[in-house]
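Analysis of the macromolecular model
In case you want the letters, here they are:
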Amino acid sequence: MLKIFKYTVYDLIRNRWLIFYTGFFLLLTIALIFLSNDVSKVLISLSNITLMLTPLVGILYGVMYYYNSEDYIRFLLSQPISRTSIFSGIFGGMATSLSLSLIVGLGTPLLIRGVLFVPEFITFIIVLGMAVLLSIIFSSLAFIIALYNSNRIKGFGVAIFTWLFFAVIYDGLFLLLLLIFKDYPLENITLGLTMFNPIDLARILTLMNLDISAIMGYTGAVFKNFFGNPLGMMIILILLICWIVLPFYWMLRKVNRKDF
Amino acid sequence: MIRFLNLEKRFGRNKVLKGIDLDLSQMGITAVLGPNGSGKTTLLKCFLGMVIPTNGSIQFKNESILGRHLYRSEISHVSQIVYFPENLTPNELIKMAKDLRPGTTREKHFIELFELSSEMHKKMSTLSGGTRQKINLLLGLMHDNKVIILDEPSSGLDPVSFLNLKSFLKKEGKKNKQILITTHTMSFVEEIADHIVFLLNGQIYFQGKLNDLLSQENRKDLESAIANIIQQKKSTGLDA
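All of the points below concern the structure found in this document. Keep in mind that this is a model prediction, so the values were computed, not measured. (Residues numbered from 1 in each chain as written. Chains lettered and ligands numbered in written order. Predicted model: local features only at pLDDT ≥ 70, side-chain atom pairs only at ≥ 80, totals over all residues. Heavy atoms only, no water.)

Remarks on the nonpolar core
Spelled out, the test is: What is meant by a nonpolar core is a set of buried Ala, Val, Leu, Ile, Met, Phe, Trp, Tyr and Cys residues, joined one to another through side-chain atoms within 4.5 Å. Accessibility here uses a 1.4 Å probe with only protein chains present; expressed as a share of the type maximum, an area under 20% marks a residue as buried, one over 50% as exposed, and anything in between as partly exposed. Helix and strand labels come from DSSP, where a helix needs a run of H or I of at least four residues and a strand needs a run of E of at least two; each type is numbered from the N terminus.
Phe 87 of chain A together with Phe 4, Phe 47 and Leu 169 of chain B are the most contacted members of the largest nonpolar core, which totals 140 residues. With 19 residues, helix α6 (residues 121-148) of chain A is the largest single contributor of residues to this core. By size, the runner-up hydrophobic cluster in this structure holds 17 residues, among which are Leu 33, Phe 198, Leu 200 and Phe 206 of chain B.

Some thoughts on the interface of chain B and chain A
Operational definition: Residue contacts are defined here by distance: any two heavy atoms, one from each residue, within 4.5 Å place the two residues in contact. Two parts placed together each lose some accessible area; with a 1.4 Å probe, that loss summed over both constitutes the buried area. Salt bridges are defined by distance alone: a side-chain nitrogen of Lys or Arg within 4 Å of a carboxyl oxygen of Asp or Glu. N or O atoms closer than or at 3.5 Å make up a polar contact, with two conditions inside protein: a donor-capable atom paired with an acceptor-capable one, and, for residues adjacent in sequence, both atoms drawn from side chains. By the convention adopted, Pro, Cys, Tyr, Trp, Phe, Met, Ile, Leu, Val and Ala count as nonpolar, Lys, Arg, Asp and Glu as charged, and the other residues, Gly among them, as polar.
Across the boundary between the two partners, chain B contributes 29 residues, which contact 25 residues of chain A. Summing both partners gives a buried area of about 2,600 Å² for chain B against chain A, and 55% of it is carried by carbon and sulfur. Here chain B is connected to chain A by 3 salt bridges. For the salt bridge of Arg 14 of chain A with Glu 92 of chain B, the shortest nitrogen-to-oxygen distance reads 2.9 Å. The interface formed by chain B and chain A contains 17 residue pairs in polar contact (both at pLDDT 80 or more). Those elements that provide at least two residues to the side of chain B that touches chain A are β1 (2-11), α1 (40-48) and α2 (90-100) of chain B. Counting residues per element, the side of chain B that touches chain A draws most heavily on α2 of chain B, at 5 residues. Of the residues in the side of chain B that touches chain A, the class split is 15 nonpolar, 5 polar and 9 charged.

Comments concerning the packing of aromatic side chains
The test is simple: We call Phe, Tyr and Trp rings a pair once their centres come within 6.5 Å, taking the six-membered ring for Trp, and we label the pair stacked below 30 degrees between planes, edge-to-face above 60, and tilted otherwise. Over a ring means this: the NZ of a Lys or the CZ of an Arg is within 6 Å of the ring centre and within 35 degrees of the ring normal.
Under the defined criterion, the tally for this structure stands at 29 aromatic pairs over all chains. Between the aromatic rings of Phe 138 of chain A and Phe 166 of chain A, the centroid separation amounts to 5.9 Å while the plane-to-plane angle is 85°, which identifies the pairing as edge-to-face. In this pair, Phe 138 of chain A sits in helix α6 while Phe 166 of chain A sits in helix α7 (residues 152-180), placing the two residues 28 residues apart along the sequence. Residue Phe 138 of chain A is classed as buried on the basis of its relative accessible area of 0%. Among the aromatic residues, those joined into a ring-pair cluster are Tyr 66, Tyr 67, Phe 87, Phe 91, Phe 143, Phe 156, Phe 248 and Phe 260 of chain A. Lying over the aromatic face of Phe 162 of chain B, Lys 166 of chain B brings its terminal NZ or CZ to 4.7 Å of the ring centre.

Quick look at the sheet that holds strand β4 (residues 55-60) of chain B
Residues and elements named next belong to chain B. Note the threshold: Paired strands, in this sense, are two strands between which DSSP finds at least two bridges. Helix axes are fitted to C-alpha atoms over the stretch in contact, other axes to C-alpha atoms as well, and angles between N-to-C directions run from 0 to 180 degrees.
Here 4 strands make up an open sheet; going across it, the order is β2-β1-β4-β5 and the pairing antiparallel. Looking along the sheet, the strands with just one partner apiece sit at the ends: β2 (14-24) and β5 (63-64). Note that β1 and β2 share 8 bridges and pair antiparallel. From the neighbouring strand, Phe 11 faces β2, where its bridge partner is Asn 14. Each of β1, β2 and β4 is contacted by α1, which is oriented at about 115° to β1, the strand it contacts most.

Some thoughts on the sheet that holds strand β6 (residues 75-78) of chain B
All names here are of chain B. If you walk across this open sheet you meet the 6 strands as β6-β7-β8-β3-β9-β10, and the pairing is mixed. Among the strands making up the open sheet, the edge pair consists of β6 and β10 (203-208). Direction aside, neighbouring strands of the sheet carry axes that sit 15° apart on average. Judged from the 4 bridges that link them, strand β3 (residues 28-33) and strand β9 (residues 195-200) form a sheet pairing that is parallel. Looking at the pairing, Leu 33 lines up with Phe 198 of β9. Its contacts with the sheet put helix α4 (residues 129-141) on β6 and β7 (147-151), and the angle it makes with β6 is roughly 170°. Set on the sheet, helix α7 (residues 210-217) makes contact with β9 and β10; between it and β10 the angle comes to about 115°.

Digging into empty space enclosed by the protein
Let me state the cut-off plainly: With a 1 Å grid laid over protein atoms only, a set of points is called a cavity when a 1.4 Å probe fits there but cannot get out and a pocket when it is open yet has protein on both sides within 12 Å along at least five of seven lines; lining residues have an atom within 4 Å of a point. Grid points are joined across faces, edges and corners, and a volume is the space filled by probe spheres set on the points.
Inspection of the entire model under this criterion finds 1 cavity of 30 Å³ or more. Of the voids in this model, the largest cavity is the one considered here, and its volume is about 60 Å³. The wall of the largest cavity is formed by Phe 75, Ser 78 and Gln 79 of chain A together with Ser 76, His 77, Ala 97, Arg 101, Leu 139, Gly 140, His 143 and Asn 145 of chain B. Every element with two or more residues in the lining of the largest cavity is listed here: β6 and α4 of chain B.

So this is what it looks like as structure tokens:
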């Protein structure tokens, strides 16, 4: 597994899409730092962008990488290695290079700006951590989508819809629900529904840390109460890790039954 | 060494292999032939563990291989043109192939045979289709194994490389190895194959020596014998 992981990373750190992606975040972060000298404002702007963009790039890149690697995967399948090792290595390599790209792109300018020595350091770690976690979650969903759809056009379609669902449609349905049942106490249901959407989880964790939940009214207060303490944060992190582990397990199950 | 027992494979409603019983114990070069969609590639992929059979079993050295992977260290495989990771160089791919399976390798022989020395440091994305096929052959054949499986090895090769490949395979066939080839180039089969397995509609139609097939079909060359079989199948609707 480690050998395949190593060569996948070798290949991908030279991939021009990833170089472009890293460059994009580098330029974006530098531009934001120049626009505002306040690190917390830079982090808010960055989190707004990464919460939408990293899932989209993660899922599209994952699907694209899988389809481009189909031949290579078949080559690996004829080697004396188990399917679980092959896919753990390939997926691990892809997720790592995607994460590296974010860490370099977002991290370098802010480190130079001196983020290590300001009170917002924790927020910086959370914004970066969420971007990385969302990339991993959505690229694992991408692998599942590609494994189930041998038709590439259909695979890309399902991938875009999945992103749209979690990034936009889910919140829309959520609001609709709140509106229809506005006469009832919905705080706990809202809390529960949030857990089924990794983007919402990441957004809440970031917001709680930016301490702007005060403007979110009573629900905000309930959220702050639940998530705003170390236990709540732990719960969100555990949920996000479940969002990595479960799709990964699903992917391996599919891999071990699939004809290549 | 390789034995298929009542092997069946279904893709959805499409039954591709319909109970294949095949014992490949004879050494030398065996050509696996058949029209498009007859199940040649599926059969070989089942043996390599890429396709999971619906029914039946496959044995290698008298042991079932289903769900296992270590037996593949004794098998060399060349598939139809492969797109390797585009940012890696052939040298890096060779290193990877050596990392993935230990054993003696003979990559230098193939670098000379296919005149690849000037291409070894270039990224895969910059290489031509023919060169990629040569790298594919190199990576598939560089380990010195007893069993070699080649799926359409001649596609994309220039005549000189094709000649070199043929002479290499002929030599290997004489070394008490088992070589399985699928191809649509009948002159290639006539030249190198010791045995023939002919698949038709997911079943074994013929297994034996080339001359036996020719006399059975009453033809002088393989191409017309095969064309005759396929024509007969069409006219009689031989399907079940």
